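# Summary of structural features
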Amino acid sequence: VDTCAAEFPAHTPYLYSTYEEESESAPTDKKKVIILGGGPNRIGQGIEFDYCCVHAAFALREAGVETVMVNCNPETVSTDYDTSDRLYFEPLTLEDVLAICDEERSKGELLGVVVQLGGQTPLKLSQGLAKAGVPILGTSADAIDRAEDRGRFEELLEKLGLERPRGAIAHGVDEAFKAANEIGYPVVVRPSYVLGGRAMMICHEELDLKSYIHLAVEAAREAGTQTILVDKFLDDAIELDVDSVGDGKTIVIGGVMQHIEEAGIHSGDSASVLPPHSLPASVVGRIEEQTKRLGLELGVVGLMNVQYAVKGDQIFVIEVNPRASRTVPFVSKATGRPLAKIALRAMLGRSLEEQGVADAARPKHFSVKESVFPFAKFPGVDTQLGPEMRSTGEVMGIAPTLAEAFGKAQIAAGVTLPRGGNVFISVKDSDKAGACEVARRFTKMGWGIVATRGTAEAFQREGIASTVVKKVREGSPHIVDMVHEGKIALVVNTTIGAKSIRDSYSIRRQTLLSNVPICTTVAGALAYAEAIEAGAGLESSVRSLQEWHGGV
């Protein structure tokens, strides 16, 4: 596509391919690197990966290497005419990418293809490209497979002596039920090789699994596999994300993020805090040490993301992704270190030591990443969060305290923090102790507490005053009426099991229609209480990233 409409010679044409005998591509005789982008935006595969591709292109330009971008999404910065030297507007399939590699190799020197920055879409091509003799820049295709393949991943963890939740691989429906019964409910069930936790579900009993399993089988089939993964679900565990960068000999920790919500909410939907706000330094140190061992064993050259769950004193490895994660832009902005650029330089052979990159000190400020959801645009969609990713964007807040940073992130996400009124609380049995703490905090601030009968009884036992309101099925006037009439300023609603989630759907839907903030986890409710208590957002200070990072 001629970007100059034939008025004068185009120096930045968009290149599309066709099956013909001649080519107008005209490759140069320079040293070059091909970067594979993320493809179409969808839940789980968003603009965060494009950030990594763009920063990699900038790093290549600084190194004097020609950048060849392959992507097919006009809504990205990586497909802007001035981001890369050459742009192929092509689908990210093995056939198309191999054709581009052949074309670019016809002149000049192709140093390699970068597959780890565009998310799962280009990562899936690594094995096919390697078999075709295309050099993969950074972490090898075999190392990627060791982390992606369930059997090889188990062997990796066993070799390093690291723990993971008890799990099994099922090939079909019958094996999935058998595995769930052997492991013991609750279990997390998901198809293999999908991104964004697609068709992933926490099943608390066999009835949940029966109503869900066909979705997992269908998603697995679409991903080109029959494999269903069944794992023990860790109740009330704290989940963490660690982003790191390696050069094959050294692993440096980019950042450790603690999720505000407990394990069970997809990492792309959970609010995250950097640095961890409630874990002892000794536990964080052990997590960093385990991350380094994993990276060195895999021979990571470039970026790596590891997800952990901490329960008591035990640390469980949930998954390892030897690629860029959706948290890289957040960590880079929170710490002032351009991780994607550092990773690309490592792929070109510059060691982390040469780059002057080492483990950084714990930041003195707090950064909170909050997810943005499209629920208002989809009538009838439930707002209940779970292991399947549903957010379509994210924002961040930076402040000296966690409460203020969380408050800033909520405001950035379009949530108006209420300053008073009634808070409605209705929680599952296992959350009642935590709900009492939430109620105490709001009572202390002068809020009124409204609760369903079971939750109100728990409050009464703790000496907390509350007003009992009917559930929807108990008849009017009920909680949905109160939300509709503007009598509720904040909703805290946690549920367990498919039936309870269905029963409480109308509450969550009405809060959305009435623009009332809702917390579907107790941890989220406590964070709200702290932010409101601290007066977050009333007189927030604004500082540039450069000021936060001392001119970095």
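Rules and cut-offs
Residues numbered from 1 in each chain as written. Predicted model: local features only at pLDDT ≥ 70, side-chain atom pairs only at ≥ 80, totals over all residues. Heavy atoms only, no water. Buried < 20%, exposed > 50% of the residue type's maximum accessible area, 1.4 Å probe, protein only. Helix = DSSP H or I, 4+ residues; strand = E, 2+ residues; numbered from the N terminus. Pairing = 2+ DSSP bridges. Axes fitted to C-alpha atoms, helices over the stretch in contact; angles between N-to-C directions. Parallel < 35°, antiparallel > 145°, perpendicular 65-115°, else oblique. Left-handed = near helix turned anticlockwise from the far one by under 90°. Contact = heavy atoms within 4.5 Å. Patch = residues over 30% accessible without salt bridge, like charges linked within 9 Å, V, L, I, M, F, W, Y side chains within 5 Å. Areas by Shrake-Rupley, 256 points an atom, 1.4 Å probe, with all protein chains shown as cover. Salt bridge = Lys/Arg side-chain N within 4 Å of Asp/Glu carboxyl O. Lys, Arg positive; Asp, Glu negative; His and termini not counted. Charge placed at Lys NZ, Arg CZ, Asp CG, Glu CD.

Another point: the pairing of strand 13 (residues 301–311). Of all the 11 residues making up strand 13, 10 are buried; the element is thus mostly covered by neighbouring parts of the structure. For strand 10 (residues 238–247) and strand 13, the ladder comprises 10 bridges, and the chain directions are antiparallel. The partner of Asp241 across the bridge, within strand 13, is Gln307. Where strand 13 lies against strand 14 (residues 314–321), 7 bridges are found, and the strand directions are antiparallel. In the sheet register, Asn305 faces strand 14, and the bridge partner there is Asn321.

Let us look at the packing of helix 7 (residues 173–183) against helix 8 (residues 206–222). For the pair helix 7 and helix 8, the least separation of the axes is 11 Å and the interaxial angle reads 140 degrees. Judged on the interaxial angle alone, helix 8 and helix 7 are oblique. Pair helix 7 / helix 8 crosses with right-handed handedness. Contacts from Val173, Ala176, Phe177, Ala180 and Asn181 in helix 7 reach Glu206, Leu209, Lys210, Ile213 and Val217 in helix 8.

On the surface, a cluster of negative charge is made up of Glu20, Glu21, Glu22 and Glu24. Among the secondary structure elements, Glu22 is positioned in the loop between strand 1 (14–15) and strand 2 (31–36). Of the residues examined, Glu22 reaches a relative accessible area of 71% and is grouped as exposed.

What follows covers the sheet that holds strand 10. Sheet architecture is open: 7 strands sit in the order 14-13-10-11-12-15-16, paired in antiparallel fashion. At either margin of the open sheet sits one strand with a lone partner, and together these are strand 14 and strand 16 (393–399). The average angle at which neighbouring strand axes cross in this sheet is 25 degrees, direction not considered. Bridging between strand 15 (residues 366–372) and strand 16 involves 7 bridges; their strand directions are antiparallel. Bridging from a neighbouring strand, Glu370 pairs with Val395 of strand 16. Against the sheet, helix 13 (residues 402–412) engages strand 11 (251–262), strand 12 (272–274), strand 15 and strand 16, with an angle of about 145 degrees to strand 16.

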